[in-house]
Protein chains: 4
Amino acid sequence: MSSTYGDKIKISIFGESHGNGIGVVIDGLPAGEKIDMDKVLVQMARRAPGKDKTATPRKESDLPRMLSGMLGDTLTGAPLCAIIENTNTRSGDYGNLLSCPRPGHSDYAAFVKYNGANDIRGGGHFSGRLTAPIVFAGAICRQLLEKKGIKIAAHINSIGLVSDEPFNPVSIDGELIERLNNSPFALIDNSVEEKMRNEVEEARMSLDSVGGTIECAVTGIEAGIGEPMFDGVEGVIAKAVFGVPAIKGIEFGRGFELSKMRGSQSNDPFRYENGRVVTETNNCGGILGGITNGMPVIFRAVVKPTPSISQKQKTVDLQKKENAELEIHGRHDPCIVPRAVPVIEAVTAVAIANLM
Amino acid sequence: MSSTYGDKIKISIFGESHGNGIGVVIDGLPAGEKIDMDKVLVQMARRAPGKDKTATPRKESDLPRMLSGMLGDTLTGAPLCAIIENTNTRSGDYGNLLSCPRPGHSDYAAFVKYNGANDIRGGGHFSGRLTAPIVFAGAICRQLLEKKGIKIAAHINSIGLVSDEPFNPVSIDGELIERLNNSPFALIDNSVEEKMRNEVEEARMSLDSVGGTIECAVTGIEAGIGEPMFDGVEGVIAKAVFGVPAIKGIEFGRGFELSKMRGSQSNDPFRYENGRVVTETNNCGGILGGITNGMPVIFRAVVKPTPSISQKQKTVDLQKKENAELEIHGRHDPCIVPRAVPVIEAVTAVAIANLM
Amino acid sequence: MSSTYGDKIKISIFGESHGNGIGVVIDGLPAGEKIDMDKVLVQMARRAPGKDKTATPRKESDLPRMLSGMLGDTLTGAPLCAIIENTNTRSGDYGNLLSCPRPGHSDYAAFVKYNGANDIRGGGHFSGRLTAPIVFAGAICRQLLEKKGIKIAAHINSIGLVSDEPFNPVSIDGELIERLNNSPFALIDNSVEEKMRNEVEEARMSLDSVGGTIECAVTGIEAGIGEPMFDGVEGVIAKAVFGVPAIKGIEFGRGFELSKMRGSQSNDPFRYENGRVVTETNNCGGILGGITNGMPVIFRAVVKPTPSISQKQKTVDLQKKENAELEIHGRHDPCIVPRAVPVIEAVTAVAIANLM
Amino acid sequence: MSSTYGDKIKISIFGESHGNGIGVVIDGLPAGEKIDMDKVLVQMARRAPGKDKTATPRKESDLPRMLSGMLGDTLTGAPLCAIIENTNTRSGDYGNLLSCPRPGHSDYAAFVKYNGANDIRGGGHFSGRLTAPIVFAGAICRQLLEKKGIKIAAHINSIGLVSDEPFNPVSIDGELIERLNNSPFALIDNSVEEKMRNEVEEARMSLDSVGGTIECAVTGIEAGIGEPMFDGVEGVIAKAVFGVPAIKGIEFGRGFELSKMRGSQSNDPFRYENGRVVTETNNCGGILGGITNGMPVIFRAVVKPTPSISQKQKTVDLQKKENAELEIHGRHDPCIVPRAVPVIEAVTAVAIANLM
């Protein structure tokens, strides 16, 4: 089953890049809660393309239209459906024959899976455009979480070789979260922005692209959330995060560094602080045995370089069944990391909402 | 819902370390397939403790007893239940009051989640012993996969600062897989074994423990397997792998290294080879858009250092509600990475079986 | 979780009677299959109101608009979303305060469940109008089933005290199925139509409504479909059928009559017929142990009388917290049985598609 | 997927009649709740065979052994596994070749489904013996429900042509429930017992069997439980009830009688009673729009006559591929209705627990 996530708050994403529209059905939302739609649009604007040179210049309106599930600004408890029309549809023109799959894209894998019947125009159902309804769903979920004191923030942890400062894993400031949540280029240390933009610009100038990492934190989540084994917090978040295109890895707390540590270094000592059990360090990323321990949940995800690059690349011609070369035309994001930040926050919000 | 995985072949793990028994129900197995139970026992022996100095000296018999689902050596199609008796049970003696949670363990998180009612003896349901039925289930699944030409092998990628050679990502030899599948200390380059064992021994001598990484490969899997978005191969495998205790991160293909690469480096060029589409490199780990591309699926997972160490550690006393110190007695694995290798193979087998 | 059905072909119904639109997302459809949209519209027309005196005179266009999942007339394999706009929306006018719940309707139960936040206009998410996307989804599924030789037909088994002839349970003619599938007032014995219409007219004239039963058959389904216990064919179909408003009972084969029979009467004897195992009678409705036996699957469902009647009724005033009387204005279907026939066929198609 | 039910409290039934054992894993039980195991055994005894002439004389011990999920008498929150050993196993003797399927049994349907690999001894996974772990699971769930004031009782509504008095649908006495819950031959009007037993005895004397109906009520369930459409209370209960062997129909409230009623008769008028909204009648069986309305939930299920009868029956020989005759030897229940009563209560308890 594709494109569905969650069992308490279930989201079903639909749409193809050049079809009539994309959208999401969100099932399981609590009746009577008020939603601030302006705040939802802020999140969608953070993901939308065309704001600066790191992103593709194509403009989209991307305004979601609510079909159901809300009355005024209040959730009715019925499934909420929001759609975004695709205004670039050219009906009747189905140039849908895949010749040369783009390296690093889903083209070839999807061609085999769907026997060539999938809509390949603009990447079809695999298009990054499908992250717009994800951000919408996440923006709804995070408003519900905020009423319980749970906040989610992510920042650009690195682009290429340039790194931001990491979160303080034992204490994350509410103001910082607020600032990151409203930033289109979310950084803890804003002084690295110029270097990062240069890294992206350099990639662009060489007709190339560049990857990066995103760090995400969840604060205010109480201890005792999650299930043992296969529904542990790590697995639940990972399944959501790997639903975002271009993500190829995830690590919690100190993550892969833990492999080089001793237990005496990695174990987080407990202590009482104002009558509450806390840990002095947070190497486990707020999760022990798959269950939250009351500290911030922290993870990092890696975003691979945008596969669409303007350089000539080696591929195959599936119709002629021979090797071929490919040049991808048009203008593409040389780096999707900044726009992926609100998407990671969104899937995290959906995941956490399903754990509550 | 805890301890359940899969929707095509569903496994339900049950048991607590000091209860009457542990086991698994496997639902959805195909009727009529023959299972070689000797091969199953080989996998369980690889995971079992007590074989050498890297592992805890406690002996367990761990022989699974089949209650249902097989007639002779043949699957009947009904749910298969296998149980392993716990021979160390002392009935009537429920010293179940948690005072001082062990740092790095699930003790505190579980205490909050279960309001103190969970069985804490030996870690209860969170015990590493619960990986025995996982290995059993995986051993069944991998036999089914092998009939389709799919093989799964993992090795100790690193322990502390000592690393094994990685898999050749575009071509993995059947003999190597066979050798790894039968090794209790699985390495591609056996010459590093001594150095790794020294790393573990050093940790033990300093009353400490050490972490590591495991690399796992799936070969023979055809292109077109997996679903877009949230049921992509990465997410499906990640959810299974994070079900294994002590795993804190996972990366596919080049994983976190991709963040420092350019698209021109990370994109895997396609070419025809003997009439079949292959990629020249395999930086994507055999997965594009969440769907297999016909190359080996490759990932690495990080195992945190065993949290049970003999050094004195800082913790809290939950009954007295004050800070405390803790010394964990008994002998513990200073490194669980070697024994985790067959567990990672097992959950991968269950995950892949659910994708077919 | 509400309004979702299936795990192989999953449908998610959304919408409220007076919201912006209603629709369905269908996930898991096979890529490359062609869909005849005219045939889909035929089924939707059978359900649509306003065709004759048995139905409400309100006209709806109810033309579904495809947002995704099809390219031309071919399924792409991505989730298919179809929406139907509600043209009667008056935005800004949210007269949503429930005073007097209508007897027999969901009003009171929903008021409690949703704390008064659900959209009550026209019944909201509980409106019979939501069966339009169900019929759409079923019409897609039945085309897929027909390619495998599986056909589904239902007829008005009874309205009030007037009964149609039942299906011949061991042999159902293809021409009969074709005729029923295209009829807005589906009867095996058309000579009872006038009596049935009189029964409805009589109810209408006395400001009342009347119930009935629907019989449904699935032919061409091979033996061996279904699962033991909770995913048996009876349970899978029942869960789908009870998703239709106003259904209060279901029985398979001889159903409740079996309670009065002896085993020697109810057991269906096996015999070979043209090299194929058949049963001489079909008292079990084609299902043994939850699994098909190759004979037609046959069941009956009961439709309660439309609860909206024009007579004065006793109810409560939830705002004033006192007993009250209620007169429902407007014109309502005195009998929804004829329009429910294609809905029953539709949910059966979705159920059977999920069993294959 | 077979033999699994529920998503909040999930039960997985396993076992085959002549395998090593049968049992159930129950996942999702709340930690810290105490269970009275004596009360569980009372329910299991009601289902157990051999108590009187209506049942098969074979004796089973059927004592469940807890492997996990309880510490003393308290739920630990981990999956609970209970097993019942099969003491009649003859290992090594796999006379598993199906020649002549028994009419009315799952034999033929299962033979096709499992390609002849299923364990046919004693009916294998389809044996009525598998209802023992169902009753166990239900007995756990009903104790949890009772703490919330919810009670479940069923009685023999009819056997053959002899009927018991029905429940008073608007008010069911706690003492009656208590009495039914402890009765092996549960009747509201005990004066019909003799006539019913005669009906059964008559069937037995003619080497035949007889069916019946069971009526079940749930009291103390508050309004607002259930979901619209496919997770309505009717569908959720129906899926559980059809998981019980031999059930062929279910109806809620007045059920099939509603087809002959007018809306003015079937609509249940609301009124205030002691400040609480009630209905004067309960024709809807306590469910409106799939959601409880605060009145007792009431349904009836039909149990087909036991298919195992001693008369000579017509069948086929699947090995010789020709028509054949069959005489079933051994002694069988001529009527399973009395023993099915606690099974229906049990699945209802599991269903209701999943709705809360």
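Refer to the structure printed above.
Everything numeric here is computed off the predicted structure, so don't read it as measured data.

Analysis parameters
- Residues numbered from 1 in each chain as written.
- Chains lettered and ligands numbered in written order.
- Predicted model: local features only at pLDDT ≥ 70, side-chain atom pairs only at ≥ 80, totals over all residues.
- Heavy atoms only, no water.
- Contact = heavy atoms within 4.5 Å.
- Buried area = accessible area lost by both parts, 1.4 Å probe.
- Salt bridge = Lys/Arg side-chain N within 4 Å of Asp/Glu carboxyl O.
- Helix = DSSP H or I, 4+ residues; strand = E, 2+ residues; numbered from the N terminus.
- Nonpolar A, V, L, I, M, F, W, Y, C, P; charged D, E, K, R; others polar.
- Patch = residues over 30% accessible without salt bridge, like charges linked within 9 Å, V, L, I, M, F, W, Y side chains within 5 Å.
- Areas by Shrake-Rupley, 256 points an atom, 1.4 Å probe, with all protein chains shown as cover.
- Lys, Arg positive; Asp, Glu negative; His and termini not counted.
- Charge placed at Lys NZ, Arg CZ, Asp CG, Glu CD.
- Least-squares fit on C-alpha atoms with pLDDT ≥ 70 in both.
- Buried < 20%, exposed > 50% of the residue type's maximum accessible area, 1.4 Å probe, protein only.
- Polar contact = N/O pair within 3.5 Å; in protein donor to acceptor, adjacent residues only side chain to side chain.
- Phe/Tyr/Trp six-rings, centres within 6.5 Å; stacked < 30°, edge-to-face > 60°.
- Lys NZ or Arg CZ within 6 Å of the ring centre and 35° of its normal.
- Expected span 1.5 Å × (residues − 1).
- Axes fitted to C-alpha atoms, helices over the stretch in contact; angles between N-to-C directions.
- Parallel < 35°, antiparallel > 145°, perpendicular 65-115°, else oblique.
- Pairing = 2+ DSSP bridges.
- Disulfide = S-S within 2.5 Å.

Novice: Would you mind going over the interface of chain A and chain B in detail, with residue names and values included?
Specialist: Contact residues are listed per partner, giving 103 residues for chain A and 103 residues for chain B. Summed over both sides, the interface between chain A and chain B buries roughly 8000 Å², with carbon and sulfur atoms accounting for 64% of that surface. Of all residues in chain A, Met229, Phe230 and Lys248 of chain A bury the most surface against chain B, accounting for 11% of the area lost on that side. Seen at the junction of chain A and chain B, the total is 10 salt bridges. Its salt-bridge partner being Glu234 of chain A, residue Lys248 of chain B comes within 2.8 Å of it at the nearest N-O pair. Of all the elements, strand β11 (residues 247-252) of chain A adds the most residues to the side of chain A that touches chain B, at 6 residues. Residues that form the side of chain A that touches chain B fall into these classes: 48 nonpolar, 33 polar and 22 charged.

Novice: Mind laying out a negative patch on the surface, listing which residues take part and the relevant values?
Specialist: A grouping of Glu146, Asp173, Glu175 and Glu178 of chain A is seen on the molecular surface, where their side chains present a negatively charged patch. Take Glu146 of chain A: it is sitting in helix α3 (residues 131-146).

Novice: Describe the relation of the copies chain C and chain D, with residues and values.
Specialist: For the pair chain C and chain D, the superposition axis carries a translation of 0.0 Å, the fit reaches an RMSD of 0.0 Å, and the rotation angle comes to 180°. Taken together, these values place the two copies in the relation of a two-fold axis.

Novice: Which residues make up helix α6 (residues 233-241) of chain B, and what values do they have?
Specialist: Extensive coverage of α6 of chain B is indicated by the burial of 9 of its 9 residues. Listing the buried residues of α6 of chain B in full gives Val233, Glu234, Gly235, Val236, Ile237, Ala238, Lys239, Ala240 and Val241 of chain B.

Novice: If you had to explain the environment of Asp173 of chain B to someone new, which residues and values would you point to?
Specialist: Residues and elements named next belong to chain B. Structurally, Asp173 can be placed in the loop between β9 (162-163) and α4 (174-181). Owing to a relative accessible area of 45%, Asp173 belongs among the partly exposed residues under this scheme. It is 56 Å that separates the C-alpha atoms of Asp173 and Gln319, two residues lying 146 residues apart in sequence. Here Glu175 takes part through its backbone nitrogen, which lies 3.2 Å from a polar atom of the side chain of Asp173.

Novice: Account for the packing of aromatic side chains, naming residues and giving values.
Specialist: The final tally for this structure, using the stated rule, is 22 aromatic pairs over all chains. Ring geometry for Tyr114 of chain B against Phe126 of chain B: centres 6.4 Å apart, planes inclined by 65°, an arrangement best described as edge-to-face. Separated by 12 residues along the polypeptide, Tyr114 of chain B in the loop between α2 (107-113) and α3 (131-146) and Phe126 of chain B in the loop between α2 and α3 bring together distant segments of the chain. Judged by its relative accessible area of 16%, Phe126 of chain B falls in the buried class. The ring centre of Tyr114 of chain C lies 5.6 Å from the NZ or CZ of Lys113 of chain C, which sits over that ring.

Novice: So, the side chain of Gln143 of chain B: which residues are in play, and what are the values?
Specialist: With respect to the helices, strands and loops of the structure, Gln143 of chain B is situated in helix α3. Look past the residues within four positions of Gln143 of chain B in its chain and what remains in contact with it is Lys34, Ile35, Asp36, Lys39 and Val40 of chain B.

Novice: So what about helix α3 (residues 131-146) of chain C? Which residues, and what values?
Specialist: For α3 of chain C, built from 16 residues, the straight-helix expectation of 22 Å at 1.5 Å per residue is met to within 8% by its first-to-last C-alpha distance of 22 Å. Most of α3 of chain C is tucked away: 15 of the 16 residues are buried.

Novice: Which residues make up the interface of chain C and chain D, and what values go with them?
Specialist: With 103 residues of chain C at the interface, the matching set in chain D holds 103 residues. Across the chain C/chain D interface, buried area totals approximately 8000 Å², and carbon plus sulfur atoms make up 64% of it. When the buried area of chain C at its contact with chain D is split by residue, Met229, Phe230 and Lys248 of chain C rank highest and sum to 11% of it. At the junction of chain C with chain D, the criterion picks out 10 salt bridges. Applying the counting rule to chain C against chain D returns 37 residue pairs in polar contact (both at pLDDT 80 or more). Broken down by element, the side of chain C that touches chain D gets its largest block of residues, 6 residues, from strand β11 (residues 247-252) of chain C. Of the residues belonging to the side of chain C that touches chain D, the class tally is 48 nonpolar, 33 polar and 22 charged.

Novice: Go over unusual backbone geometry, please, and point to the residues and values.
Specialist: One non-glycine residue with positive phi stands out, namely Asn274 of chain C, at about 55°. Secondary-structure assignment places Asn274 of chain C in the loop between β12 (270-273) and β13 (276-279). Taking the relative accessible area as the measure of exposure, Asn274 of chain C reaches 80% and is therefore exposed. The phi torsion at Leu207 of chain D lies on the positive side, around 55°, for a residue other than glycine. Structurally, Leu207 of chain D can be placed in the loop between α5 (193-205) and β10 (212-219). Residue Leu207 of chain D is classed as partly exposed on the basis of its relative accessible area of 44%.

Novice: Residue-level account of the packing of helix α1 (residues 37-47) of chain A against helix α8 (residues 337-355) of chain A, with values.
Specialist: Residues and elements named next belong to chain A. Where α1 contacts α8, the axes come no closer than 7 Å and their chain directions differ by 140°. Between α1 and α8, the crossing angle belongs to the class labelled oblique. For the pair α1 and α8, the contacting residues are Gln43, Arg46 and Arg47 in the first and Arg339, Val341, Pro342, Val343 and Glu345 in the second. Considered class by class, the residues forming the contact of α1 with α8 number 3 nonpolar, 1 polar and 4 charged.

Novice: Could you give me a rundown of the sheet that holds strand β4 (residues 65-68) of chain A, with the residues and numbers involved?
Specialist: Residues and elements named next belong to chain A. On the basis of which strands lie adjacent, the open sheet formed by 5 strands has the order β1-β2-β3-β7-β4 and antiparallel pairing. Both edges of this open sheet fall to β1 (4-5) and β4, since each of them pairs with a single strand only. Note: strand β2 (residues 10-15) against strand β3 (residues 21-27), 6 bridges, orientation antiparallel. When the bridges of β3 are listed, Ser12 appears paired with Val25. Against the sheet, α3 contacts β2, β3, β4 and β7 (80-85), and its axis sits at roughly 30° relative to β3.

Novice: Quick rundown of the pattern of salt bridges? Include the residues and the values.
Specialist: All names here are of chain B. Per the stated rule, a full pass over the model turns up 84 salt bridges over all chains. For Arg121, the salt bridge identified is with Asp119, shortest N-O distance 2.8 Å. For the pair formed by Arg121 and Asp119, the shared burial category is buried. One salt bridge in this structure joins Glu251 and Arg300, with 2.9 Å as the shortest N-O distance. In this pair, Glu251 sits in strand β11 (residues 247-252) while Arg300 sits in strand β16 (residues 297-303), placing the two residues 49 residues apart along the sequence.

Novice: Quick rundown of the sheet that holds strand β10 (residues 212-219) of chain C? Include the residues and the values.
Specialist: An order of β9(C)-β8(C)-β10(C)-β16(C)-β11(C)-β11(D)-β16(D)-β10(D)-β8(D)-β9(D) is seen for the 10 strands of this open sheet, with the pairing classed as antiparallel. Of all strands in the sheet, those bounded by a partner on one side alone are β9 (162-163) of chain C together with β9 (162-163) of chain D. Running at roughly 65° to strand β8 (residues 151-159) of chain D, helix α4 (residues 174-181) of chain D makes contact with β8 and β10 of chain D of the sheet. Across the sheet, α5 of chain D lies against β8 and β9 of chain D, angled at about 60° from β8 of chain D, the strand it touches most.

Novice: Explain the state of the cysteines residue by residue, including any values.
Specialist: Residue and element names in this part refer to chain B. Within the structure shown, the criterion is met by 0 disulfides over all chains. The thiol of Cys141 is unpaired, and the distance to the nearest cysteine sulfur, on Cys216, comes to 14 Å. When its relative accessible area of 0% is taken as the criterion, Cys141 is described as buried.

Novice: Describe the side chain of Arg46 of chain B, naming the residues involved and giving the relevant values.
Specialist: As for its placement among the helices and strands, Arg46 of chain B is situated in helix α1 (residues 37-47). A polar contact of 3.3 Å, which involves the side chain of Arg46 of chain B, links it to the backbone oxygen of Asn181 of chain B.

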